[in-house]
Amino acid sequence: MRTIVREGLIAGFIGATSVALWFFVIDLIALYPFATPDTLGRALFGLLGQPAAGVANLLVVLGYTAFHYLAFALVGIAVAALVRRAEAEPTLLAGAFILFIVFEVAFHALLSMFGSIAVFGAMTWYNVAIGNLVAAATMGTYVWRAHPELKAELNFALSGRE
């Protein structure tokens with residue numbers, strides 16, 4: 001029997017790994033491996049009040065990677081719980097889709113504001129957008145395959161008829 005936490009952790013792991021691989025490829029193309037997790041880690045630890053200056057890159061990358069996987073695990077668990085709840089109330093899927101769109105727009109607005117901050121200036125919005133799409137696609141594919149009944153539920157949620 002699949003549990004919400006187990007399913008969410010798997011979905012989160014898939015999403016986090018797909019984004020990490022996307023940025024790893026982008027960083028390799030730019031000839032600066034691990035630049036993205038290093039940049040994001042320094043920004044994250046700076047926000048948390050921990051000065052990142054002088055910290056070895058490996059520690060920053062590992063610390064950010066742990067945060068990245070934890071965040072995706074939480075998102076995965078939320079998605080799994082939503083899908084499980086949608087089995088009883090299919091209209092939740094339409095609301096979740098709208099919420100996803102709003103979240104993406106807000107995320108990119110925030111990224112745009114951070115673009116003026118030197119540490120984020122090197123990160124391009126389209127690389128982040130592609131990373132988000134990759135994560136959504138890989139996590140969505142996993143959840144879709146784990147719940148074959150979602151197609152009928154989504155049809156009902158969007159049209160009001162099965």
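In short, a report on the structure. Numbering of residues starts from 1 in every chain and runs along the sequence as written. Where local features are concerned, this predicted model is filtered to residues with pLDDT of at least 70; where side-chain atom pairs are given and counted, the filter is 80 or more; whole-chain, interface and lining totals use all residues. The side-chain figures draw on all heavy atoms in the structure; neither hydrogens nor water molecules are used.

### Some details on the overall build of the chain
Here comes step 1: Under the scheme used here, helices are H or I runs from DSSP no shorter than 4 residues and strands are E runs no shorter than 2 residues, and both carry numbers assigned from the N terminus. Looking only at helices and strands, the chain has 7 helices and 0 strands in total.
Here comes step 2: Starting at the N terminus and ending at the C terminus, the chain contains elements arranged as α-α-α-α-α-α-α.
Here comes step 3: Only protein chains enter the calculation, and the probe is 1.4 Å; a residue is then buried if its accessible area is under 20% of its type maximum, exposed if over 50%, and partly exposed in between. Looking at the chain as a whole, 31% of its 162 residues are labelled buried.
Here comes step 4: The Shrake-Rupley method, run with a 1.4 Å probe sphere, supplies the accessible areas, and residue values consider only the shown protein chains as cover. Carbon and sulfur atoms provide 75% of the accessible area of the chain, an area that totals close to 9,900 Å².

### Here we look at the pattern of salt bridges
Here comes step 1: Salt bridge, as used here, is a side-chain nitrogen of Lys or Arg placed within 4 Å of a carboxyl oxygen of Asp or Glu. Tallied over the full model, the rule gives 2 salt bridges.
Here comes step 2: The shortest N-O distance in the salt bridge between D38 and R42 comes to 3.2 Å. Of this pair, D38 and R42 both sit in helix α2 (residues 35-47), 4 residues apart, which is roughly one turn of the helix.
Here comes step 3: Taking relative accessible area as the criterion, D38 reaches 7% and is therefore assigned buried.
Here comes step 4: R84 is paired through a salt bridge with E87; the nearest N and O atoms lie 4.0 Å apart.
Here comes step 5: When its relative accessible area of 31% is taken as the criterion, E87 is described as partly exposed.

### Section: the packing of helix α1 (residues 4-29) against helix α3 (residues 57-86)
Here comes step 1: Viewed as axis vectors pointing N to C, α1 and α3 meet at an angle of 135 degrees, and their least axial separation amounts to 7 Å. When the interaxial angle is binned, α1 and α3 end up oblique. α3 is crossed by α1, and the crossing has right-handed handedness.
Here comes step 2: Just so you know the grouping, Ala, Val, Leu, Ile, Met, Phe, Trp, Tyr, Cys and Pro go in nonpolar, Asp, Glu, Lys and Arg go in charged, and all remaining residues, Gly too, go in polar. In the contact of α1 with α3, the residues fall into 14 nonpolar, 6 polar and 2 charged. Axis definition: a line fit to C-alpha positions, over the contact stretch in the case of helices; interaxial angles, taken between N-to-C directions, run 0 to 180 degrees. In what follows, roughly perpendicular refers to angles from 65 to 115 degrees, roughly parallel to angles under 35, roughly antiparallel to angles over 145, and oblique to any angle outside these ranges. Left-handed describes a crossing whose near helix is turned anticlockwise from the far helix by less than a right angle; the clockwise case is right-handed.

### What to know about the nonpolar core
A general trend in soluble globular proteins is that nonpolar side chains are found buried together.
Here comes step 1: Take the buried Ala, Val, Leu, Ile, Met, Phe, Trp, Tyr and Cys residues and link them wherever side-chain atoms come within 4.5 Å; each set so joined is a nonpolar core. V19, F72, L93, V143 and L150 are the most contacted members of the largest nonpolar core, which has 15 residues in total.
Here comes step 2: Taken together, the elements giving at least two residues each to this core come down to α1, α3, α4 (91-114), α6 (125-146) and α7 (150-159).
Here comes step 3: By definition, residues are in contact when any of their heavy atoms lie within 4.5 Å. Ignoring sequence-local partners within four residues, the contact set of F72 consists of G12, G15, A16, V19, A135 and M139.

### Some points on α7
Since the α-helix turns once every 3.6 residues, residues separated by three or four places project in the same direction.
Here comes step 1: Considered for burial, the residues of α7 that qualify are L150, E153 and A157. Taken around the axis of α7, the buried residues stretch over an arc of 65 degrees, which confines them to a single face. Relative to its buried face, α7 has exposed residues pointing more than 90 degrees away, namely K151 and L158. Throughout, the arc means the angular range of directions from the helix axis out to the C-beta atoms.

### Re the packing of aromatic side chains
Here comes step 1: A pair of Phe, Tyr and Trp rings is counted when the ring centres sit within 6.5 Å of each other, with Trp represented by its six-membered ring. The angle between the planes then sorts it: under 30 degrees is stacked, over 60 is edge-to-face, the rest tilted. Tallying each qualifying case throughout the model produces 3 aromatic pairs.
Here comes step 2: Ring centres 5.2 Å apart and planes at 45 degrees place the aromatic pair F24 and F34 in the tilted group. In this pair, F24 is assigned in helix α1 and F34 in the loop between α1 and α2, connecting sequence segments 10 residues apart.
Here comes step 3: The exposure class of F24 is partly exposed, given its relative accessible area of 29%.
Here comes step 4: Residue F34 is classed as partly exposed on the basis of its relative accessible area of 43%.
Here comes step 5: A ring pair is formed by Y64 and F67, whose centres lie 6.1 Å apart and whose planes are at 45 degrees; its orientation type is tilted. Note that Y64 and F67 are positioned in helix α3 at a spacing of 3 residues, about one turn of the helix.
Here comes step 6: Judged by its relative accessible area of 15%, Y64 is buried.

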